[in-house]
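Residues per chain are reported as follows:
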Amino acid sequence: MINKQAPVHAPMSQWSTHDGQLVVGSLPLTTLAARVGSTPFYAVDRGLLKARVGELRAALPPQVKLHYAMKANPMPALVQFMAGLVEGIDVASAGELKVALDAGADPAEISFAGPGKRDPELLQAVAAGVLVNVESARELPVLARASQQLGLPARVAVRVNPDFELKGSGMKMGGGPKQFGVDVDVVPELLAFAAREGLAFEGFHLFAGSQNLKAESICEAQAKSYELALRLAEGAPAPVKFLNLGGGFGIPYFPGEQRLDLAPIGANLAALVERAAREMPAAHIVIELGRYLVGEAGVYVTRIVDRKVSRGQVFLVCDGGLNHHLSASGNFGQVVRKNYPAAIGNRMGAPDTEVASAVGPLCTPLDLLADRMELPVAQVGDLVVIFQSGAYGASASPQAFLGHPHVTEVLV
Ligand SMILES: *Cc1c(COP(=O)(O)O)cnc(C)c1O
């Protein structure tokens, strides 16, 4: 029995159903599965991507630029679609840079962050004319050489490891000792070097953390990031044009989590935009979002190939699992495994339910997609749906593990 007092998943109200079928990209799920031709697959709904960007535009001041951090989902068709909806694309490798450029993203609005950028990747970035978010003193002389070789001044921003943390974040990526960015006290010497070498300094990048559902924490991090950038701008060789205040907007994955309230974040950013107009008049404020833009617009769909009962517990054995969806299995950064919201996509709202576990085909108990959830009674051939799967799916999973076919990805 499921304890009725237990916290529940946020409703997946972005999706509709028709005749007991989940509707994805205007198609009933069984039709979509037939169209895709095989299971498992990921499907991301264009309409939901557009709707999400629309909600953000309505809540945030118009001066704030939205960037898509494409590591969340680097599927080329999706990156191309997003490039038409947001102002810029953030890449974290030369591989991602290629996808962004192929997608037609404007190089002027691409930024390249990430630790351990290799020398050839930095040369590629300068040749492409994208902004490099410098994360180490080592990168600057490499960029200076690339500038000379190509006759193009490297466009640089300094990624600062802030002297504070993003409270309540699923993943902290700033504050304390970190491999990301440079510590605040090192920034002045980097700025001096950039000035000496004639690099095109454009601004600062601060990213405190990820997967945050608390608006107050995000507002606090953005305000502190702004203050820090303002302080560092005093020593900058040129006016700040680019001020990336990070993102970290989370989505509800687990029981008890609720959607982020954008209203206070919009108000806070409006105040910062107003201050920037006076204090850093050349600066554009940028917010970089990954999962918030794409996560809720995607589902993972896997077919039940076997139904087993072991000592009274029902197992729905599916044709895909952690090899395609590591994060839903609980093995991508979670400390305690919890269930993503799930459904039987061709039996939506069916009254006859049972407690069942959906597992994948791998020979490891870690291959668990849904652990003892109340679901409609399902049979072999039915489609298990894992919601909130538009980000950190296929590209964040060990697809070669155990030699099963790779997952198909569609944008519908
Ligand atoms: C991963 C990452 C993001 C995206 O994080 P989400 O939680 O998907 O929004 C944004 N910026 C940087 C620097 C990152 O490393």
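Residues numbered from 1 in each chain as written. Predicted model: local features only at pLDDT ≥ 70, side-chain atom pairs only at ≥ 80, totals over all residues. Heavy atoms only, no water.

Draft legend 1. How the structure looks around the site of the ligand. Lining the immediate surroundings of the ligand are 13 residues, of which K71, S210, E288, R291 and Y392 lie closest. One of the backbone nitrogen or oxygen atoms of R291 is found 2.8 Å away from an oxygen atom of the ligand. A distance of 2.6 Å separates an oxygen atom of the ligand from a polar atom in the side chain of Y392. Surface burial for the ligand is 93%, taken as the share of its 390 Å² of free accessible area covered by protein chains. Among the residues forming the shell around the ligand, the class breakdown is 5 nonpolar, 4 polar and 4 charged. (Near = heavy atom within 4 Å. Polar contact = N/O pair within 3.5 Å; in protein donor to acceptor, adjacent residues only side chain to side chain. Areas by Shrake-Rupley, 256 points an atom, 1.4 Å probe, with all protein chains shown as cover. Nonpolar A, V, L, I, M, F, W, Y, C, P; charged D, E, K, R; others polar.)

Draft legend 2. Region of interest: the domain arrangement of the protein chain. Domain assignment breaks the protein chain into domain 1 (16–44 + 296–411) and domain 2 (113–289). Put simply, the middle of domain 1 and the middle of domain 2, counted by C-alpha atoms, are 36 Å apart. The interface of domain 1 with domain 2 comprises 9 residues on the first partner and 7 residues on the second. Both faces considered, domain 1 and domain 2 share a buried interface measuring about 780 Å² in area, 59% of it formed by carbon and sulfur atoms. It is E296, K338 and Q388 that lose the most area in domain 1 upon contact with domain 2, and together they represent 53% of the buried surface on that side. Along the contact surface separating domain 1 from domain 2 lie 1 salt bridge. (Domains from an automatic or database assignment. Contact = heavy atoms within 4.5 Å. Buried area = accessible area lost by both parts, 1.4 Å probe. Salt bridge = Lys/Arg side-chain N within 4 Å of Asp/Glu carboxyl O.)

Draft legend 3. A look at the nonpolar core. Formed by 132 residues in total, the largest nonpolar core has its most connected members in Y68, M82, L143, F204, L243 and F249. The residues that make up this core include at least three from each of domain 1 (16–44 + 296–411) and domain 2 (113–289). Once you skip the residues sitting within four places of it in the chain, M82 turns out to touch L49, V53, Y68, L293 and V294. (Core = buried A, V, L, I, M, F, W, Y, C linked by side-chain atoms within 4.5 Å. Buried < 20%, exposed > 50% of the residue type's maximum accessible area, 1.4 Å probe, protein only.)

Draft legend 4. A look at the packing of helix α5 (residues 119–128) against helix α6 (residues 139–150). At a minimum axis distance of 9 Å, the contact between α5 and α6 shows a crossing angle of 50 degrees. Here α5 lies oblique to α6, going by the angle between them. Judged by the sense of rotation from one axis to the other, the crossing of α5 with α6 is right-handed. Residues D119, L122, L123, V126 and A127 of α5 form the contact with α6, whose participating residues are E139, V142, L143, R145, A146, S147, Q149 and L150. Residue classes in the contact of α5 with α6 are distributed as 8 nonpolar, 2 polar and 3 charged. (Axes fitted to C-alpha atoms, helices over the stretch in contact; angles between N-to-C directions. Helix = DSSP H or I, 4+ residues; strand = E, 2+ residues; numbered from the N terminus. Parallel < 35°, antiparallel > 145°, perpendicular 65-115°, else oblique. Left-handed = near helix turned anticlockwise from the far one by under 90°.)

Draft legend 5. The arrangement of unusual backbone geometry in detail. With an omega of -5 degrees, the peptide bond between T39 and P40 qualifies as cis. In this fold, P40 is placed in the loop between α1 (29–36) and β4 (41–44). Residues other than glycine seldom take positive phi values, yet R311 does so here, at roughly 45 degrees. The topology assignment puts R311 in the loop between β16 (298–310) and β17 (313–318). With relative accessibility at 87%, the residue R311 sits in the exposed group. With a phi close to 75 degrees, L402 is a non-glycine residue in the positive phi region. Structurally, L402 can be placed in the loop between β21 (383–386) and β22 (408–411).

Draft legend 6. Highlighting empty space enclosed by the protein. Counted under the stated rule, the structure contains 2 cavities of 30 Å³ or more. Taken as a whole, the largest cavity spans an internal volume of roughly 80 Å³. Lining the largest cavity are 14 residues, and of these L166, A208, A221, L245 and G247 sit closest to its centre. Broken down by secondary-structure element, the contributors of at least two residues to the lining of the largest cavity are α8 (215–233) and β14 (242–247). (1 Å grid on protein atoms, 1.4 Å probe; cavity = no way out; pocket = protein on both sides within 12 Å on 5 of 7 lines; lining within 4 Å. Points joined across faces, edges and corners; volume = space filled by probe spheres on them.)

Draft legend 7. Main features of the sheet that holds strand β2 (residues 21–24). Spatially, 3 strands are ordered β1-β2-β3 in an open sheet, and the strand pairing comes out antiparallel. Either end of the sheet is taken by a strand with one partner, and the two such strands are β1 (16–18) and β3 (27–28). In this sheet, β2 lies alongside β1 in antiparallel orientation, the contact comprising 3 bridges. In the sheet register, T17 faces β2, and the bridge partner there is L22. (Pairing = 2+ DSSP bridges.)

Draft legend 8. Representation of the pattern of salt bridges in the model. Throughout the structure, instances matching the rule amount to 18 salt bridges. Of the charged contacts in the structure, one is a salt bridge between R52 and E55, with a shortest N-O distance of 3.6 Å. Placement of both R52 and E55 in helix α2 (residues 46–59) is noted, with a separation of 3 residues, approximately one turn of the helix. A salt bridge links R231 to D163; its shortest N-O distance comes to 3.6 Å.

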